[in-house]
Number of protein chains: 2
Amino acid sequence: MKENTEGSPVVPVAPSRGRLRPLGLDEVRITGGFWARSREVNATATLDHCRDWMERVGWIGNFRAAVEGRVQRDRRGREFADSDVYKLIEAMAWAGRHDSEVAALTETIAPAQEPDGYLGTAFGRPGQQPRYSDLEWGHELYCYGHLIQAGVAQARAGGEGELTKIARRAADHVCATFGRGGIESVCGHPEIETALVELARATGEQRYLDQAALFVDRRGHGTLADIEFGRAYYQDDIPVREATVLRGHAVRALYLAAGAVDVAVETGDDELLAAVVRQWEATVARRTYLTGGMGSHHRDESFGDDFVLPPDRAYSETCAGVASVMLSWRLLLATGEPRFADLAERTLFNVVAASPSEDGRAFFYANTLHRRRRGTVPPADTDSPRAESSLRAPWFAVSCCPTNVARTLAVLPAYLATASDDGIQLHQYADAEITTGGIALRVRTDYPRGGTVSVRVARSPDRPWTLSLRVPAWTEGATARLVDADGTRRTVAPGTATLTRAFRPGDEIRLELPVAPRWIEPDPRIDAVRGTLAVQRGPLVYCAESVDLPDGQEVDAVRVDPGAVPVDGPDGTVVAPGELAAPGEPHDPAWPYRPPGQSAVPAAERGGVVLVPYNSWANRGPSTMRVWLPATPLPRADADESTA
Amino acid sequence: MKENTEGSPVVPVAPSRGRLRPLGLDEVRITGGFWARSREVNATATLDHCRDWMERVGWIGNFRAAVEGRVQRDRRGREFADSDVYKLIEAMAWAGRHDSEVAALTETIAPAQEPDGYLGTAFGRPGQQPRYSDLEWGHELYCYGHLIQAGVAQARAGGEGELTKIARRAADHVCATFGRGGIESVCGHPEIETALVELARATGEQRYLDQAALFVDRRGHGTLADIEFGRAYYQDDIPVREATVLRGHAVRALYLAAGAVDVAVETGDDELLAAVVRQWEATVARRTYLTGGMGSHHRDESFGDDFVLPPDRAYSETCAGVASVMLSWRLLLATGEPRFADLAERTLFNVVAASPSEDGRAFFYANTLHRRRRGTVPPADTDSPRAESSLRAPWFAVSCCPTNVARTLAVLPAYLATASDDGIQLHQYADAEITTGGIALRVRTDYPRGGTVSVRVARSPDRPWTLSLRVPAWTEGATARLVDADGTRRTVAPGTATLTRAFRPGDEIRLELPVAPRWIEPDPRIDAVRGTLAVQRGPLVYCAESVDLPDGQEVDAVRVDPGAVPVDGPDGTVVAPGELAAPGEPHDPAWPYRPPGQSAVPAAERGGVVLVPYNSWANRGPSTMRVWLPATPLPRADADESTA
């Protein structure tokens with residue numbers, strides 16, 4: 001492996017090769033707008049919230065119990081509870097939280113590490129199952145993965161510290177235990193792969209990369225048990241380089257794919273990279289929700305078959321959104337293709353941003369696209385089941401999502417822009433300052449509310465360089481324009497718009513994106529939303545929520561008119577042309593299947609239906625909600641019904 | 001409780017009160033046609049198949065292991081494995097299998113019963129959890145329920161024997177342990193309730209009925225733990241008499257409702273009966289598939305919210321179909337209303353009959369209405385996961401369904417007809433002989449292939465009596481006719497058609513039912529099937545199956561024309577007017593959501609699409625299948641798309 005020659009960039013992913021070079025948190029600052037608000041809430045509320053809950057439910061205490069020999073009696077939470085403590089530390093490190101907080105958590109964790117590097121509170125101590133006796137469900141390597149990512153974050157954000165050392169010792173233990181000649185298996189939950197590659201990148205240690213490559217190659221050969229969900233659940237059914245689509249448990253599939261890209265990039269394995277790109281393409285074309293959400297089965301948190309995308313049973317786990325952004329980001333760095341930034345944008349705005357409540361102290365675990373029944377307020381003082389609540393819950397029995405959102409928002413500035421030998425590429429749009437290699441840019445925008453993105457050059461070298469701007473795929477069918485510093489305008493197609501020259505300080509380039517609301521129609525093969533339309537406005541998916549309907553009405557009464565267009569309403573809302581079925585109508589037959597024409601739906605008064613951004617729903621109390629709105633009644637057959 | 005004064009009828013349900021009186025297996029014989037074939041396969045193949053598998057997987061051996069003190073090492077299967085042995089015995093008893101087979105199984109079971117009546121191989125022995133330490137998941141009382149039903153079957157079909165005595169001792173133990181002053185709880189899986197009432201009916205012992213009533217009243221008060229699925233999973237969220245709809249695990253909900261009807265009928269509790277009728281109505285109107293299938297969630301095998309009825313993720317467990325027939329049958333006996341026989345018919349033909357393969361040696365556990373991907377042949381020699389196979393499997397890790405189908409088919413003749421002080425009521429149509437109380441009827445029909453049902457009076461008393469014939473609800477919108485012995489014809493509406501007079505031997509009454517195929521349209525609130533039509537022919541739901549399409553085509557290419565009508569094809573098929581999308585069309589976009597008009601679907605050549613009865617699908621190798629067929633492309637908006 002090539003030594004990282006750039007020093008230690010403050011980024012979660014620092015490939016030694018690839019088309020684009022990430023910019024660190026020290027090079028990109030978000031200064032205002034949508035993501036600045038999200039990140040402020042994350043930094044001031046969510047991080048403390050997560051730490052307080054993990055003290056309360058005993059997951060931090062598990063480390064103390066391990067040290068004091070009390071795990072059999074006192075350990076709390078599921079097998080993977082350790083990992084959430086690590087993810088919190090990672091988030092704190094990226095967020096630049098006071099070192100003493102990270103140090104305090106590190107001091108709790110450190111004594112639980114055994115002399116041989118093993119670290120975990122769920123296995124191997126008196127009264128527990130032996131280490132590595134349940135690779136299918138035990139999550140021991142998964143926990144190391146998050147420990148290592150936290151250690152890398154510490155090293156890059158603040159300089160190598162105690163946690164980084166713990167992570168290295170754990171990684172050494174993994175290599176010693178699972179390397180060639182060791183346990184010839186993999187973890188039921190991928191995550192260690194991407195973490196080991198990143199540790200290799202951060203430390204220059206080849207053996208971590210080798211071990212990651214070994215894990216990627218081992219998987220798919222039926223090493224793990226054939227469980228009720230099948231080996232596809234943990235991607236042990238087909239080798240990564242042979243698979244054609246993501247399948248099984250969505251988070252596992254996406255973490256594994258991210259790790260495979262990391263290995264492919266570092267080892268120059270173009271075949272492996274191409275395999276993951278192919279899987280990403282098939283998954284995005286056939287197994288992804290309009291929101292970018294992935295995973296349509298509640299039962300095993302898995303992808304469904306192609307086009308199985310029920311809105312009312314969308315699982316669309318928040319962590320799968322985080323993992324999808326991780327994968328797309330790696331593919332963007334490797335290939336430079338804007339389609340990966342397109343999906344990341346969609347997923348960030350409509351899955352990752354949808355999970356936390358406005359106050360950052362409650363979260364969606366599953367992100368349904370249709371809620372039919374007003375639910376109840378989750379308990380404030382006990383954890384909640386992970387998928388059934390209609391409102392965000394403060395904590396879950398399995399609570400992977402809150403800390404995953406926290407660490408993603410903490411590193412978000414690193415996803416905005418990249419550099420290459422040619423210049424700077426802007427991928428995501430936010431009020432921001434970008435300073436790297438003699439170039440300084442000031443980005444001003446109220447995107448996604450407004451579509452205008454102004455890029456002002458504050459500093460530039462004298463030589464020509466290229467400014468690249470992503471023109472989002474969602475502009476397809478409408479018109480996007482690029483306005484140069486001299487006022488010349490040109491239409492730009494979805495993809496990448498570039499300007500190459502010796503920019504001068506004071507130059508202002510404007511990208512004008514058509515964010516007016518538009519109908520979106522589903523592929524006819526997605527049976528679950530046939531005959532419906534959704535509204536998208538820029539990258540934001542909208543939804544109808546019952547709190548915006550007349551008293552007592554629910555969203556399932558909404559019908560929209562595809563013959564007219566949705567328009568902007570006040571306060572970021574959209575008004576869709578449509579109507580509400582009168583209450584109680586259609587009347588309730590004893591049996592809901594009839595010959596055509598027997599259940600004609602009478603017309604109701606028409607008007608506008610207020611829609612709000614999907615990511616903001618459920619912040620105003622229990623409600624019903626739907627993204628896909630029925631567009632037309634079924635045409636009637638005047639067929640001859642005489643029979644007998 | 002009133003002493004049963006009729007002797008011991010050979011029926012599974014023998015209420016002492018109610019509008020209708022069941023006829024026993026000694027009074028009704030099925031002599032030909034659809035159900036005769038099913039029952040023949042059941043008797044000659046399925047019963048042996050189930051016994052052989054339960055020997056092979058060790059579930060019968062569990063009783064031997066218990067007696068010999070080997071359960072810790074040798075017990076096989078889940079907590080409820082005992083119950084399948086009992087269900088097999090019940091099926092054998094109703095099927096009139098040679099006594100020596102039942103005796104052999106009984107001899108295996110008997111020594112495992114403890115002196116205090118406790119019987120179960122999963123709890124209470126060395127190395128096992130204590131008795132009744134896990135009422136949520138332990139299924140101990142559930143197993144007693146099936147033991148008792150087997151004991152009742154033995155008593156009624158062949159005379160009280162050893163198994164009946166074992167069942168009585170177990171029931172006495174339950175009353176002693178869970179009666180007033182005992183354990184104040186219920187079983188996580190209802191079933192004991194209906195069994196205890198039946199044992200009370202068979203033995204005249206009031207205390208069994210009292211215990212059943214106690215169990216029904218105890219449930220719904222949050223006695224069991226609040227699990228991840230919520231207490232609704234086992235109906236411990238709301239008392240039976242307050243609930244408005246069935247919810248939670250479908251089989252549990254339906255077994256409980258059946259037990260509640262039994263208690264209500266025997267105690268004259270009209271409020272409780274009305275509560276269950278109300279729940280049945282709401283469930284049938286909003287939570288039932290076209291097939292009669294119930295339960296739309298794989299995750300917890302539960303009902304979904306109202307109108308959450310995804311065809312591709314239909315769970316529609318076979319056992320829920322069996323349980324639904326059990327409930328409807330009890331409500332029919334109690335009220336005399338034909339709507340309960342309507343649902344039973346639909347469920348028998350399209351769920352219960354769909355589960356077993358043509359050879360009776362493989363079964364669907366879940367009965368999906370849409371299979372998108374050709375699956376693989378389940379292993380012949382190991383058990384299968386319960387829901388993922390596209391073909392029926394010989395056995396499952398949880399194998400409740402095969403024995404449930406077996407016992408249902410064994411008692412099927414008892415569901416055909418009833419008697420009352422007025423006369424005879426025919427509820428289900430099959431070639432049959434009915435002989436009861438001085439009346440003998442010969443029913444001739446090839447229903448459901450043909451719609452003509454001939455009822456010939458072979459013997460009749462001189463006094464007038466009433467012959468009642470159910471006119472199925474599915475005839476709505478078409479014309480059914482009744483032809484009297486003298487040739488007079490009259491149109492009869494869905495419900496009940498009656499003829500009252502002193503019939504004479506040789507009289508032949510004909511019911512002419514309009515079985516020509518018809519389109520069926522779903523309620524517009526069932527989002528998952530908007531814009532589609534299904535075909536029903538008589539009580540049979542039809543489906544498209546890929547084996548009937550041109551080579552290599554899959555059912556998702558089918559589109560039907562609601563402007564023309566489906567017609568009969570050869571060999572029991574139906575030909576639906578429609579077309580197949582050309583292979584590869586619509587072309588595969590990179591992202592399946594677009595502004596309207598961008599993904600127009602070109603017309604393909606038109607023709608007929610062959611459909612087969614749903615209950616017969618998947619008998620010809622791996623295939624794709626769908627019941628609901630897309631009827632029309634989404635209308636396009638020519639809306640102004642200029643934006644920015």
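Keep in mind that what you see is a predicted model, and the values were worked out from it rather than measured.

### Here we look at the overall build of chain A
Along the backbone of chain A there are 14 helices and 23 strands. Relative to the globule expectation of 26 Å for 644 residues, the C-alpha radius of gyration of chain A, 25 Å, shows essentially globular dimensions. Oriented by its inertia axes, the alpha-carbon framework of chain A measures out at about 80 × 65 × 45 Å. Here chain A holds 644 residues, and the buried ones make up 66% of them. Accessible area for chain A stands at about 21,500 Å²; split by element, carbon and sulfur atoms hold 48% of it. Charge centroids of chain A, computed over 71 positive and 87 negative side chains, lie 2 Å from each other.

### Observations regarding the side chain of Asn42(B)
All names here are of chain B. Turning to its location among the elements, Asn42 is positioned in helix 1 (residues 34–56). For Asn42, a relative accessible area of 3% gives the class buried. With residues near it in sequence (within four places) discarded, Asn42 still touches Leu47, Ala406, Leu409 and Ala410.

### Some words on the pairing of strand 7 (residues 439–445) of chain A
Residue and element names in this part refer to chain A. Burial runs high along strand 7: six of the seven residues are buried. As paired elements, strand 6 (residues 431–436) and strand 7 share five bridges and run antiparallel to each other. When the sheet's bridge partners are listed, Thr435 is paired in strand 7 with Ala440. Linking two consecutive strands that pair antiparallel, namely strand 6 and strand 7, is a turn of two residues; a positive phi of about 50° is found at Gly437 within it. For strand 7 and strand 8 (residues 452–459), the ladder comprises six bridges, and the chain directions are antiparallel. Opposite Arg442, over in strand 8, you have Arg456 as the bridge partner. From the end of strand 7 to the start of strand 8, which pair antiparallel, there are six residues.

### Notes on the interface of chain B and chain A
Listed by partner, the interface residues are 77 residues for chain B and 77 residues for chain A. Interface of chain B and chain A: buried area, both sides summed, is about 7,000 Å²; carbon and sulfur atoms make up 54% of it. Taken together, the connections running from chain B to chain A amount to eight salt bridges. A salt bridge links Asp527(B) to Arg372(A); its shortest N-O distance comes to 2.8 Å. Here chain B is connected to chain A by 18 residue pairs in polar contact (both at pLDDT 80 or more). Secondary structure elements with two or more residues in the side of chain B that touches chain A: helix 11 (270–286), helix 13 (338–352), strand 14 (518–522), strand 15 (532–537) and strand 20 (593–594) of chain B. For the side of chain B that touches chain A, the leading source of residues is strand 14 of chain B, giving five residues. Across the side of chain B that touches chain A, the residue classes break down as 37 nonpolar, 15 polar and 25 charged. When strand 14 (residues 518–522) of chain A meets strand 20 of chain B, the two strands line up antiparallel, connected through two bridges. Each bridged residue has a counterpart across the sheet, and for Glu521(A) the counterpart in strand 20 of chain B is Arg594(B).

### Quick look at the sheet that holds strand 6 of chain A
All names here are of chain A. A sheet is described by the order of its strands in space; here seven strands give the open sequence 2-6-7-8-13-10-11, paired in antiparallel fashion. Looking along the sheet, the strands with just one partner apiece sit at the ends: strand 2 (28–32) and strand 11 (489–492). Looking at each pair of strands side by side, their axes are set apart by 20° on average, direction ignored. As judged from the three bridges shared by strand 10 (residues 480–483) and strand 13 (residues 508–512), these two strands associate in the antiparallel manner.

### A word on the sheet that holds strand 7 (residues 439–445) of chain B
All names here are of chain B. Across the sheet, which stays open at both edges, the seven strands sit in the order 2-6-7-8-13-10-11 with antiparallel pairing between neighbours. In the strand order of this sheet, the two ends are held by strand 2 (28–32) and strand 11 (489–492), each with one partner. Ignoring which end each strand starts from, the neighbouring axes of this sheet average 20° apart. Looking at chain direction, strand 2 and strand 6 (residues 431–436) are connected through four bridges and run antiparallel. Across the sheet, Gly32 pairs through a bridge with Asp431, a residue of strand 6.

### Regarding helix 5 (residues 99–109) of chain A
Residue and element names in this part refer to chain A. The set of residues buried in helix 5 consists of Val102, Leu105, Thr106, Thr108 and Ile109. Projected down its long axis, helix 5 shows its buried positions confined to an angular sector of 155°, all on one face. In helix 5, the exposed positions angled more than 90 degrees off the buried face are occupied by Asp99 and Glu107. Buried residues along helix 5 sit against helix 2 (61–67), helix 4 (81–94), helix 6 (140–158) and helix 7 (162–178).

### Brief notes about the relation of the copies chain B and chain A
Expressed as a screw operation, the relation of chain B to chain A combines 0.1 Å of axial shift with a rotation of 180°, fitting to an RMSD of 0.0 Å. A rotation of that kind, with that shift, is consistent with a two-fold axis. Residue Arg299(B) of chain B places its C-alpha closer to the rotation axis than any other residue of that unit, at 1.9 Å. A shared interface surface links the copies, since 100% of the contact residues of chain B are contact residues in chain A too.

Thresholds applied
- Residues numbered from 1 in each chain as written.
- Chains lettered and ligands numbered in written order.
- Predicted model: local features only at pLDDT ≥ 70, side-chain atom pairs only at ≥ 80, totals over all residues.
- Heavy atoms only, no water.
- Helix = DSSP H or I, 4+ residues; strand = E, 2+ residues; numbered from the N terminus.
- Rg over C-alpha atoms; globule rule 2.2 N^0.38 Å.
- Buried < 20%, exposed > 50% of the residue type's maximum accessible area, 1.4 Å probe, protein only.
- Areas by Shrake-Rupley, 256 points an atom, 1.4 Å probe, with all protein chains shown as cover.
- Lys, Arg positive; Asp, Glu negative; His and termini not counted.
- Charge placed at Lys NZ, Arg CZ, Asp CG, Glu CD.
- Contact = heavy atoms within 4.5 Å.
- Pairing = 2+ DSSP bridges.
- Buried area = accessible area lost by both parts, 1.4 Å probe.
- Salt bridge = Lys/Arg side-chain N within 4 Å of Asp/Glu carboxyl O.
- Polar contact = N/O pair within 3.5 Å; in protein donor to acceptor, adjacent residues only side chain to side chain.
- Nonpolar A, V, L, I, M, F, W, Y, C, P; charged D, E, K, R; others polar.
- Axes fitted to C-alpha atoms, helices over the stretch in contact; angles between N-to-C directions.
- Arc of directions from axis to C-beta.
- Least-squares fit on C-alpha atoms with pLDDT ≥ 70 in both.

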